[in-house]
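As a plain string of letters, each chain reads:
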Amino acid sequence: MEKIVSLCKRRGFIFPSSEIYGGLNSCWDYGPLGIELKRNVKEAWWRSMVRERDNIVGLDTSILMNPQVWQASGHLEGFADPLRECKSCHQRWRADEVARDTCPSCSGELTTPRMFNLMFKTFMGAVEDSTSIVYLRPETAQGIFVNFSNVISTTRKKLPLGIAQIGKSFRNEITTGNFIFRSREFEQMEMEYFVKPGTDKEWFDYWVKERLEWYKRLGIKEEHLRLRPHATDELAHYARECYDVEYLFPMGWAELEGIANRGDFDIKQHSEHSGKDLSYFDEESKQRFIPYVIEPSAGVDRSILAFLLDAYEEEVNNGETRVVLRLHRTLAPFEVAILPLSRNPKLVPLAKEVYASLRRSFRSEYDDSQSIGRRYRRQDEIGTPFCVTIDFQSLEDEQVTIRERDTMSQLRLPTKHLEETLKAKLDGEPFDVLPPGATVWKP
Ligand code: ATP
């Protein structure tokens, strides 16, 4: 974990928030490379959940909502963790994370557990009193439930229907830590899948499988993933059944994503509390019912941490250590780096020309700053799958070199085939399938 934290800081993926003031506990800022990675993770989720499906639509709802939402959803009452405080040093602990009655930090006596609500409160408008209290949402799901009728009536879609949302959530966690694994402000990717009661079990199994596959497709090793069913006494107040997709983090197996069968809990609660009929009329069976909901709920930040951990490798070649981030090509901040051999004025125009044409199709970076070896190492460390090198020979034979991150193999090819070749390689074509007029070199 320390290696990832240090790489993230050094290369500009993730910085501690408000660092010049000493930071703010468990808050993090995504830097120039981190934001690209984050956008790619969210895009990969959105593509697989919304764009590639006929019956899932998106939504972007506000973080602040009418407080009655949280009354109805049960969060005001039940969204709490058991807390114990040390009577000597006053440090607070989550009761389920301390094994004994003594403080893990100073061995002082701990209080008996009391429930601590995790919702952040703030005030809306100029007056700060009990009537102006609003909450920062602790999950994005409720924005979806309260819009169920709006979406059904405007899209005229039929069940099963999914509604997806990506956005910030806030939880005043008792303990935070393990870098971006647990923070108080984080981002979620949630999808509520509304189905006919009776078909929920089948859809639950379907989504558990789909979500597990998504992580594998994007490069998480199979042996680092597992499914863990929740025991009955562990289920959230709204859930009938729940599976966690767990990842083997350096601190042990921990939740990446929760997949829950929320039954009709939420729609029923919002119907009762709002007085609006949120039931669904099924044209086919001529029945009216409250749909059941299957919810895959993933963390953006936890996914990013897992992708980084799984991609990180230190490789020894000829006595030298190479750090390489084997990120899946759809997640890597840059797909291709364009590197002239040097800043020699004869090379720059051609290199800039190649850059200008590639950046239209690929996430590209141009770098002419240091020795070519150092620039390759930097691109390896930030996960760029391909580098394109322009050298003096290129000026004569109109050929350039593509270097592959994972094997360090190089392919020399006519510049006119560069774009189509990169596209094919980024789509997964093996590196040693050669375009016309190309040669390959392996280290
Ligand atoms: P945990 O048991 O780890 O506190 P949870 O069961 O409360 O998590 P859910 O309510 O199921 O989490 O939230 C869905 C997803 O949102 C989690 O799988 C996780 O990826 C993400 N998430 C939840 N809380 C946090 C947090 N404090 N920091 C970062 N991500 C979080």
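**A short note on the overall build of the protein**
Working step 1: Within the protein one finds 13 helices and 24 strands.
Working step 2: The proportion of buried residues among the 443 residues of the protein is 32%.
Working step 3: Across the protein, the fraction of contacts at a sequence separation of at least 24, relative to all contacts at a separation of at least 6, is 62%.

**Quick word on helix 7 (residues 200–217)**
Working step 1: In this model helix 7 runs 25 Å from its N-terminal to its C-terminal C-alpha over 18 residues, within 8% of the 26 Å that 1.5 Å per residue would give.
Working step 2: For helix 7, every residue scored as buried is listed here: Asp 200, Phe 204, Arg 211, Leu 212 and Tyr 215. Down the axis of helix 7, the buried side of the element spans an arc of 105°, and every buried residue falls inside it. Away from its buried face by more than 90 degrees, helix 7 exposes Glu 202, Lys 209, Glu 213, Lys 216 and Arg 217.
Working step 3: A positive backbone phi angle near 105° is found at Gly 219, which sits one or two residues after helix 7.

**Some thoughts on the site of the ligand**
Working step 1: Taken together, 15 residues sit near the ligand, with Phe 186, Gly 258, Ser 297, Gly 299 and Arg 302 positioned nearest.
Working step 2: When contributions to the shell around the ligand are tallied by element, the ones reaching two or more residues are strand 10 (185–195), strand 13 (252–263), strand 16 (292–299) and helix 9 (300–311).
Working step 3: Element by element, the count of residues in the shell around the ligand is highest for strand 13, at four residues.
Working step 4: Of the residues that constitute the shell around the ligand, the class distribution is three nonpolar, five polar and seven charged.

**Considerations on the domain arrangement of the protein**
Working step 1: Domain assignment breaks the protein into domain 1 (31–64 + 143–308) and domain 2 (334–441).
Working step 2: The distance between the C-alpha centroids of domain 1 and domain 2 comes to 39 Å.

**Quick look at the pairing of strand 16**
In regular strands, side chains alternate between the two faces of the sheet.
Working step 1: Burial of strand 16 is extensive: eight of the eight residues sit out of reach of the surface.
Working step 2: Alternating positions in strand 16 separate into two faces, Tyr 292, Ile 294, Pro 296 and Ala 298 on one and Val 293, Glu 295, Ser 297 and Gly 299 on the other, with burial throughout.
Working step 3: Pairing analysis gives six bridges linking strand 10 to strand 16, with the strands arranged antiparallel. Each residue of the ladder has a partner; that of Gln 188, found in strand 16, is Gly 299.
Working step 4: Pairing geometry for strand 13 and strand 16, over six bridges, is antiparallel. From the neighbouring strand, Asn 261 faces strand 16, where its bridge partner is Ile 294.

**As for the environment of Pro 291**
Working step 1: Relative to the helices and strands, Pro 291 resides in the loop between strand 15 (287–289) and strand 16.
Working step 2: Note: C-alpha distance between Pro 291 and Ser 361 (70 residues apart in sequence) is 43 Å.
Working step 3: Those residues in contact with Pro 291 that sit more than four places away from it in its chain are Leu 159, Phe 194, Val 195, Lys 196, Asp 264, Ile 267 and Tyr 280.

**What to know about the nonpolar core**
Working step 1: Ranked by internal contacts, the top residues of the largest apolar core, which has 75 residues, are Ile 304, Phe 307, Val 336, Ile 338, Val 354 and Val 388.
Working step 2: Beyond its immediate sequence surroundings of up to four residues, Val 388 is in contact with Val 336, Ile 338, Leu 339, Val 354, Val 400, Ile 402 and Leu 418.

**Points about the sheet that holds strand 13**
Working step 1: The mixed open sheet is built from seven strands, whose spatial order is 3-9-10-16-13-12-11. Two strands in the sheet have a free side with no partner beyond their single neighbour: strand 3 (56–58) and strand 11 (225–229). Mean inter-strand twist for the sheet, computed between neighbouring axes without regard to direction, equals 25°.

**A word on the environment of Arg 360**
Working step 1: Note that Arg 360 resides in the loop between helix 10 (348–358) and strand 20 (364–366).
Working step 2: Classification of Arg 360 as exposed rests on a count of 8 C-beta atoms within 10 Å.
Working step 3: When the C-alpha positions of Arg 360 and Leu 256 are compared, they lie 34 Å apart, and in sequence the two are 104 residues distant.

**Details of the packing of helix 2 (residues 32–51) against helix 9**
Working step 1: Where helix 2 meets helix 9, the closest approach of the two axes is 10 Å, and the angle between their N-to-C directions is 110°. Here helix 2 is positioned roughly perpendicular relative to helix 9, judged by the angle of their axes. Where helix 2 abuts helix 9, its residues Leu 37, Lys 38, Val 41 and Lys 42 lie against Val 300, Ser 303, Ile 304 and Phe 307.
Working step 2: Grouping the amino acids of the contact of helix 2 with helix 9 by side-chain chemistry returns five nonpolar, one polar and two charged.

**Focus: the pairing of strand 17 (residues 312–317)**
Working step 1: Of all six residues in strand 17, zero are buried, a share of ten percent or less.
Working step 2: Alignment of strand 17 against strand 18 (residues 320–325), held across six bridges, turns out to be antiparallel. Bridging from a neighbouring strand, Glu 315 pairs with Arg 322 of strand 18.
Working step 3: Hairpin geometry of strand 17 and strand 18 is characterised by an intervening segment of two residues between the two adjacent antiparallel strands and by a positive phi of about 45° at Asn 318.

**A look at unusual backbone geometry**
Working step 1: At the junction of Leu 159 and Pro 160, the peptide bond is cis and its omega measures out at 0° in the coordinates.
Working step 2: By secondary structure assignment, the location of Pro 160 is in the loop between helix 6 (148–155) and strand 9 (161–170).
Working step 3: Positive phi outside glycine occurs at Ser 18, with the angle close to 40°.
Working step 4: Counting through the fold element by element, Ser 18 comes out in the loop between strand 1 (14–16) and strand 2 (28–30).

**Digging into the environment of Arg 11**
Working step 1: Topologically, Arg 11 is positioned in helix 1 (residues 2–11).
Working step 2: Taking C-alpha positions, Arg 11 is 37 Å from Ala 95, a pair spaced 84 residues apart along the chain.
Working step 3: Contacts of Arg 11, omitting those with residues within four sequence positions, involve Leu 33, Glu 381 and Ile 382.

Analysis parameters
- Residues numbered from 1 in each chain as written.
- Predicted model: local features only at pLDDT ≥ 70, side-chain atom pairs only at ≥ 80, totals over all residues.
- Helix = DSSP H or I, 4+ residues; strand = E, 2+ residues; numbered from the N terminus.
- Buried ≥ 20, exposed ≤ 12 C-beta atoms within 10 Å, placed from the backbone.
- Contact = placed C-beta atoms within 7 Å.
- Expected span 1.5 Å × (residues − 1).
- Arc of directions from axis to C-beta.
- Near = placed C-beta within 6 Å.
- Nonpolar A, V, L, I, M, F, W, Y, C, P; charged D, E, K, R; others polar.
- Domains from an automatic or database assignment.
- Pairing = 2+ DSSP bridges.
- Core = buried A, V, L, I, M, F, W, Y, C linked by C-beta atoms within 7 Å.
- Axes fitted to C-alpha atoms, helices over the stretch in contact; angles between N-to-C directions.
- Parallel < 35°, antiparallel > 145°, perpendicular 65-115°, else oblique.

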